[in-house]
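Spelled out from the first residue to the last, the chains are:
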Amino acid sequence: MSIRFSRRLAVPLSTVAVVSLALTACGGGTTKSSTANEATAAPSSTGSAKADPNAPLKEGLKIAYLPKQLNNPYTDVEVGGGKVAVGELKGEYKLVGPNDASASSQVSYINTLIQQQQDVIAVAANDPNAVCPSLNQARKAGIKVVAFDSDASKSCRDVFINQATTQGIGESLVKMASELAGGSGEIAVLSATPNATNQNSWIAVMKTELAKPENAKLKLVKIAYGNDDDQKSFTEAQGLLQSYPNLKVIVSPTTVGIAAASRYVSASAYKGKVAITGLGLPNQMRQYVKDSTVKKFALWNPADIGYLAAYAGAALKSGQITGAEGEKFKAGKLGDYTVGADGEIVLGPPTEFTAANIDQFNF
Amino acid sequence: MSADTAVSESRTAGLTARFGNWTVAIIAVTIVVLIIAAATVNNFGTSQNFGFLVLDLLPIALVALPMTLVIVTGEIDLSVASTLGLSSAVMGSLWNSNQPIETIIPICLLLGAVLGAVNGFFVTVLGLPSLAVTIGTLALYRGLAFVVLGDSAVADFPAVYTDWVTGNIAGTPIPNVLLIIVALAVVFGVVLHATPIGRAVFAVGASEQAARFAGVRPGRLKFWLYVVSGLVAGLAGVLWTLRYSSARADNGAGLELAVVAAVLLGGVSIFGGKGALPGVIAGVLLLASLQNALRLSDVSNEALNVVTGVLLIVSVLAPNLANAVRGSVQRRRHRTTNPL
């Protein structure tokens, strides 16, 4: 059976090639550098309005949470805090989200929320840019957008609830790693997905911290990615220990990763030789702290993030804040907050969990 | 019987004869679902939601068109979503290396055609089973996408292009991309149902041997169908990238199953030889609008998957059941009219 290049199809195909070459040759094409200076147009909703710190908080607000994915224990705690706050605010709470942590499926949900005329969308972005056009459509429709956990691009949300400063978390991860390694030796990072915004900014700070003279004896040998999948993280932890026999500490700044790594180490010959630390949930980590696989790990209280997001959203929708730097609002039991640069609202310092205090936390 | 009903009956009979019972049934079901959704689901019938709906079904609708022809010949192409992903990744990578987008887009289309030709080569020249070949290239092309772009995402595509993809025809609520869908649907519909190529596609699907005796070259036909399938998947990759303003290697992962589901729901036989493009368009629209309406009604994602799964089973089961019933009715009639 022979394949001959059909003349009928050859013509259009070669036309395409010639036309594209001609276009390039003219030099009139649109390239990355020719568009680099185009300003990304943000809707004017923030610019024109003025903040009135004394405006009363509106009741009956429809506040919807769109986490990275549903059925993730960490996310459940986050939005659980949001539900409590929406209750206090006498609003309508809603939770929607994809089962896979993909950017495209989040867009469909944002579109649905626009149609449902929500007042506030609290979103943890899977891809900071892919959700942008639809978030801006939401803002044009008068919906306030609060990013939490993982930020969307600055141009398409009103405020971002930062669980802790990137700097603070990166520093605390290195500090714990250094204490556990006794100040010197090989360490490795077990992260989530390679393009998770939050993970990468923490790892960037860790690298700067590790470059400092006091950490000169600590060596970051590998960054592995478990994709926030239990099985993959487990295998990656296993791989790290096999590839780097002198490894002293695995730092996993993700709840899925740290639990999977701890599960592997607690049942292996490495127990007691290799320390696990990072960011984890007390309920998931309790058994590994009790069996002394894990000496210490850190986290902010995720319920507080969801809680603060609801209050920030309500403050935006009520006109108390617009997302500009320096504006202040009250967030129920968490107290007073000030909007920082780029619309960031920092939750507070992370909490360190050890065998001594872990039983005080239930999330 | 009035003349009107006679005419409409003969018209329905004509449609049925041309496209088959299932096609008429699926179009009717889709229209009923759309009417019910518009009447009962808040905000389903708005023009903005129509835009969202069209954008959501865009990649599935495009890829389903050549997929219909491929499946009618009795083959399958499961690599389409990975071709889409690789097209997206290459687009991002070339954009990062400062190539003009006017060059990048034709390159991505050409790339899709080449990837399709690779499938076609393995299936027609080497005679390997298309299921195995395209499962292989599904993994291969997705892997290459990650080689090209790694795990990064490229986002800063020119607003002129991204706005066009997400925008409407000026002054109307009709999304721009609907033009692409309609244009390609018409082309594929005409080719399949009104040209010798289309007749050859059905002939090959019904019996490759018989088609060969009738002067059709099945290998050549299938090869070019794979090329077109790849080309359209490449185009879908470009549009996907512009719609989300994000080129990523994992774009469109899993889309092939949605496409095959829509094509089968549209009444195309997985064994080849049977099917009609209007039914496939209805299948795509039915799946997308059901998902959209259920989401607007706050039905969970798990339930959405269940609905899609049940629909697919029904679509495979119903024509067989209908045939069985018709067969038994005809046998009975035969007995009564010919008592001897």
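What you are looking at is a predicted structure, and each value in this text was computed from that prediction instead of being measured.

About the cut-offs
Residues numbered from 1 in each chain as written. Chains lettered and ligands numbered in written order. Predicted model: local features only at pLDDT ≥ 70, side-chain atom pairs only at ≥ 80, totals over all residues. Helix = DSSP H or I, 4+ residues; strand = E, 2+ residues; numbered from the N terminus. Contact = placed C-beta atoms within 7 Å. Rg over C-alpha atoms; globule rule 2.2 N^0.38 Å. Nonpolar A, V, L, I, M, F, W, Y, C, P; charged D, E, K, R; others polar. Axes fitted to C-alpha atoms, helices over the stretch in contact; angles between N-to-C directions. Parallel < 35°, antiparallel > 145°, perpendicular 65-115°, else oblique. Left-handed = near helix turned anticlockwise from the far one by under 90°. Expected span 1.5 Å × (residues − 1). Buried ≥ 20, exposed ≤ 12 C-beta atoms within 10 Å, placed from the backbone. Bend = angle between axes of the 7 residues up to and from the residue. Domains from an automatic or database assignment. pLDDT = per-residue confidence, 0-100. Pairing = 2+ DSSP bridges. Right-handed = clockwise from strand over helix to strand, strands pointing away.

Trainee: How should the overall build of chain A be read in this particular structure?
Mentor: Tallying secondary structure elements over chain A gives 12 helices and 14 strands in all. Sequence separation of at least 24 residues holds for 73% of the intrachain contacts in chain A that already meet a minimum separation of 6.

Trainee: Even after reading the chapter, I still don't get the overall build of chain B, so can you show me in this structure?
Mentor: Regarding its fold elements, chain B presents 14 helices and 0 strands. Taken against the 2.2 N^0.38 rule, which gives 20 Å for 340 residues, the C-alpha radius of gyration of chain B at 21 Å falls within 12% of a compact globule.

Trainee: Sorry, what's going on with the interface of chain A and chain B here?
Mentor: Interfaces are often sized by the accessible area lost when the parts come together. Each partner contributes to the interface: chain A provides 34 residues, whereas chain B provides 37 residues. Among the secondary structure elements, those contributing two or more residues to the side of chain A that touches chain B are α1 (7-26), α2 (32-35), α5 (103-115) and α6 (132-140) of chain A. Ranked by residues supplied to the side of chain A that touches chain B, first place goes to α5 of chain A with 7 residues. Classifying every residue of the side of chain A that touches chain B by side-chain character gives 14 nonpolar, 17 polar and 3 charged.

Trainee: Please explain the packing of helix α3 (residues 47-72) of chain B against helix α12 (residues 255-265) of chain B as it appears in this structure.
Mentor: When two helices pack together, their arrangement is captured by the angle between the axes and the distance separating the axes. Residue and element names in this part refer to chain B. Look at α3 against α12: their axes get within 9 Å of each other, and the N-to-C directions meet at 60°. Put simply, α3 runs oblique to α12. Crossing handedness for the pair α3 and α12: right-handed. Contacts between α3 and α12 involve Pro-59, Ile-60, Val-63, Ala-64, Met-67, Thr-68 and Ile-71 from the former and Leu-255, Ala-258, Val-259, Val-260, Ala-262 and Val-263 from the latter.

Trainee: Looking at this structure, how should I read the environment of Ala-259 of chain A?
Mentor: All names here are of chain A. Mapped onto the elements, Ala-259 comes out in helix α10 (residues 255-266). The sequence separation of Ala-259 and Ile-276 amounts to 17 residues, and the corresponding C-alpha distance is 9.3 Å. Once you skip the residues sitting within four places of it in the chain, Ala-259 turns out to touch Gly-280, Gln-284 and Met-285.

Trainee: For this particular structure, what's the right way to read helix α7 (residues 166-181) of chain A?
Mentor: Each α-helix turn comprises 3.6 residues. Residues three or four places apart therefore point the same way. Residues and elements named next belong to chain A. In a regular helix each residue adds 1.5 Å, so 16 residues correspond to 22 Å; α7 covers 22 Å between its end C-alpha atoms and thus fits that length. Turning to α7, its buried residues are Ile-169, Gly-170, Ser-172, Leu-173, Val-174, Met-176, Ala-177, Ser-178, Leu-180 and Ala-181. Looking at the packing, one finds that the buried side of α7 touches β6 (185-191), α8 (197-210), β7 (218-225), β8 (247-252), β9 (275-278) and β10 (296-299). In the stretch just after α7, Gly-182 is the one whose phi turns positive, near 70°.

Trainee: What's the story with the environment of Ala-25 of chain B in this structure? I'm lost.
Mentor: All names here are of chain B. Here Ala-25 is to be found in helix α2 (residues 21-40). Among the residues examined, Ala-25 registers 18 C-beta atoms within 10 Å and is labelled partly exposed. Considering only alpha carbons, one finds Ala-25 and Ile-135, 110 residues apart in sequence, at a separation of 32 Å.

Trainee: I would appreciate a short explanation of α3 of chain B in the present structure.
Mentor: All names here are of chain B. With 26 residues, α3 should reach 38 Å at 1.5 Å per residue; the first-to-last C-alpha distance of 35 Å fits that figure. Maximal helix bending in α3 amounts to about 45°, located at Leu-58; proline Pro-59 follows within four positions. α3 sits mainly inside the fold: 22 of its 26 residues count as buried. Directly after α3, the chain includes Gly-74, whose backbone phi takes a positive value near 95°.

Trainee: Could you clarify how one ought to interpret the domain arrangement of chain A in this entry?
Mentor: Residue and element names in this part refer to chain A. Domain parsing of chain A yields domain 1 (52-162 + 302-347) and domain 2 (166-299). Using only C-alpha atoms to locate each centre, domain 1 and domain 2 end up separated by 30 Å. In this complex, domain 1 contributes 7 residues to the contact, which on the side of domain 2 involves 7 residues. Looking at the side of domain 1 that touches domain 2 residue by residue, the classes come out as 4 nonpolar, 1 polar and 2 charged.

Trainee: How do you make sense of the confidence of the model for chain A when you look at a structure like this?
Mentor: When pLDDT drops low, the exact placement of atoms in the prediction is not to be read closely. Residues and elements named next belong to chain A. Mean pLDDT over chain A works out to 87, with 88% of the residues at or above the 70 mark. When the criterion is pLDDT under 50, residues 1-5 qualifies, and its contacts beyond four places in sequence or with other chains add up to 7 contacts. Taken together, the stretch residues 39-47 has pLDDT below 50 and engages in 9 contacts with residues farther than four places along the chain or on a different chain.

Trainee: Honestly, the pairing of β9 of chain A in this entry has me stumped. Any pointers?
Mentor: Within a regular beta strand, the side chains point alternately toward one face of the sheet and then the other, so they alternate between its two faces. All names here are of chain A. Side chains of β9 alternate between two faces, with Ala-275 and Thr-277 and Ile-276 and Gly-278 buried alike. When β8 meets β9, the two strands line up parallel, connected through 4 bridges. From the neighbouring strand, Ser-252 faces β9, where its bridge partner is Gly-278. Once you follow β8 into α10 and on to β9, the crossover reads as right-handed.

Trainee: So what exactly am I meant to see when it comes to the sheet that holds strand β1 (residues 62-66) of chain A here?
Mentor: Whether parallel or antiparallel, the strands of a sheet pair through hydrogen bonds between backbone atoms. Residues and elements named next belong to chain A. Pairing is parallel in the open sheet, where 6 strands are placed in the order β2-β1-β3-β4-β5-β13. The open sheet has two edge strands with one neighbour each: β2 (92-95) and β13 (344-346). Strand-to-strand, the axes of this sheet are offset by a mean angle of 20°, without reference to chain direction. Here 4 bridges tie β1 to β2, and the two strands are oriented parallel to one another. Opposite Ile-63, over in β2, you have Tyr-93 as the bridge partner. Lying on the sheet, helix α4 (residues 73-88) is in contact with β1, β2 and β3 (120-123); it crosses β2 at an angle near 165°.

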